[in-house]
Amino acid sequence: FDRLFWGYVCAQYSDYMLSIVEWEKEHYWKYLTDEKKVRNLPYFLPAIYQREVEQSDKKMQCVCLLSSTVGTVPFQRDLVSNFSTVIKRLGNDLPDWLFYVTGDISKLNLNVANRVQPTGFLDSPFPLLIESRAVALLSDFGFGFKTKLIDAIQSECYMLVPKKLYARLPREIQPYCIVVDINLVDSFRQALEQSKAGYPQGAPNEVFKEQAFRVLDEIFLN
């Protein structure tokens with residue numbers, strides 16, 4: 001409620017509100033201010049970080065990327081809990097696959113699957129991503145745009161996401177996603193197998209960069 005209040009105050013005093021994703025504009029900001037003030041300013045991976053992305057041979061690896069932000073603990077707990085659940089259901093199936101979770105999971109108070117390998121905090125996620133085939137983002141919590149999705153795409157990783165999150169994603173992102181139903185035993189297994197397919201063509205990061213710069217030009221030059 002505190003964030004909602006200050007969001008409303010900012011929206012009243014601002015000339016423009018810049019929404020990181022179209023879904024948030026349509027389902028949140030337009031209820032707090034004049035819809036004409038709201039512009040979609042998509043996130044894109046800056047060039048300085050793209051230098052770290054040099055493709056290598058892919059391994060049978062699936063990664064759950066966590067945040068270093070303490071305030072996102074409920075979201076992180078849900079991510080790891082769902083990730084662990086689908087891995088437990090695999091049992092000994094797909095023995096060639098390795099499963100990693102980044103960040104500090106000690107504060108989440110979870111009994112994770114034995115096959116989950118914690119990496120701790122990483123200086124950069126890209127060395128792990130570029131050798132992995134999939135990134136698991138198995139939570140419907142939160143809104144906005146998860147910036148790790150672009151990190152995954154730039155590293156040519158498929159993103160495993162639940163159906164509700166998939167529906168909120170920009171259409172440019174959806175071809176790189178595989179929907180997983182955590183309540184179905186075979187859904188995660190099938191998603192892993194599907195992630196071994198050739199990676200889709202396209203450059204959504206460049207599309208988002210062009211969109212963002214165009215919006216900024218419209219705002220500051222007019």
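Just above, that's the structure.
Residues numbered from 1 in each chain as written. Predicted model: local features only at pLDDT ≥ 70, side-chain atom pairs only at ≥ 80, totals over all residues. Heavy atoms only, no water.

(A) View of unusual backbone geometry. Despite not being glycine, Leu94 has its phi angle at roughly 50 degrees, a positive value. Tracing the backbone shows Leu94 in the loop between helix 4 (73–90) and strand 4 (98–102). (Helix = DSSP H or I, 4+ residues; strand = E, 2+ residues; numbered from the N terminus.)

(B) Local environment of the packing of helix 4 against helix 8 (residues 185–194). One way to put it is that helix 4 packs onto helix 8 with a least axis distance of 8 Å and a crossing angle of 90 degrees. Taken together, the axis directions place helix 4 and helix 8 in an arrangement best described as roughly perpendicular. Here Phe83, Val86, Ile87, Arg89 and Leu90 of helix 4 lie close against helix 8, whose contacting residues are Phe188, Arg189 and Leu192. Across the contact of helix 4 with helix 8, the residue classes tally to six nonpolar, no polar and two charged. (Axes fitted to C-alpha atoms, helices over the stretch in contact; angles between N-to-C directions. Parallel < 35°, antiparallel > 145°, perpendicular 65-115°, else oblique. Contact = heavy atoms within 4.5 Å. Nonpolar A, V, L, I, M, F, W, Y, C, P; charged D, E, K, R; others polar.)

(C) Focus on the pairing of strand 7 (residues 158–161). Alternating residues of strand 7 divide into Tyr158 and Leu160 and Met159 and Val161, and every residue in both groups is buried. In terms of handedness, the path from strand 7 via helix 7 (residues 163–168) over to strand 8 (residues 177–179) forms a crossover that is right-handed. (Buried < 20%, exposed > 50% of the residue type's maximum accessible area, 1.4 Å probe, protein only. Right-handed = clockwise from strand over helix to strand, strands pointing away.)

(D) Spotlight on the pairing of strand 3 (residues 61–64). Of the two faces of strand 3, the one holding Gln61 and Val63 and the one holding Cys62 and Cys64 are both buried throughout. In this sheet, strand 4 lies alongside strand 3 in parallel orientation, the contact comprising four bridges. Of the residues in strand 4, the one forming a bridge with Cys64 is Val101. Bridging between strand 3 and strand 6 (residues 134–136) involves two bridges; their strand directions are parallel. (Pairing = 2+ DSSP bridges.)

(E) Representation of helix 8 within the structure. Within the sequence span of helix 8, burial applies to Ser187, Phe188, Arg189, Ala191 and Leu192. Next to the buried residues of helix 8 lie strand 3, helix 4, strand 4, strand 7 and strand 8.

(F) Looking closely at helix 4. For helix 4, which comprises 18 residues, the first-to-last C-alpha distance of 26 Å matches the rise-based estimate of 26 Å (1.5 Å per residue) to within 8%. Of the positions making up helix 4, those classed as buried are Phe75, Gln76, Asp78, Leu79, Val80, Asn82, Phe83, Ser84, Val86, Ile87 and Leu90. Looking at the buried positions of helix 4, the neighbouring elements they touch are strand 3, strand 4, strand 5 (116–120), strand 6, helix 6 (148–154) and helix 8. Phi for Gly91, located one or two positions after helix 4, is positive at around 65 degrees. (Expected span 1.5 Å × (residues − 1).)

(G) Looking closely at the state of the cysteines. One pass over the structure, following the stated rule, counts zero disulfides. In this model Cys64 remains outside any disulfide bridge; the closest cysteine sulfur is found in Cys62, 8.0 Å from its own. Given the relative accessible area of 0%, Cys64 is considered buried. (Disulfide = S-S within 2.5 Å.)

(H) A look at the sheet that holds strand 6. With parallel pairing, six strands are arranged side by side in an open sheet as 5-4-3-6-7-8. Either end of the sheet is taken by a strand with one partner, and the two such strands are strand 5 and strand 8. Across the sheet, the axes of successive neighbouring strands diverge by a mean angle of 30 degrees, strand direction being ignored. Looking at chain direction, strand 7 and strand 8 are connected through three bridges and run parallel. Looking at the pairing, Met159 lines up with Cys177 of strand 8. Relative to strand 7, helix 8 is tilted by about 170 degrees, and along the sheet it contacts strand 3, strand 4, strand 7 and strand 8.

Honestly, it's all geometry; don't read function into it.
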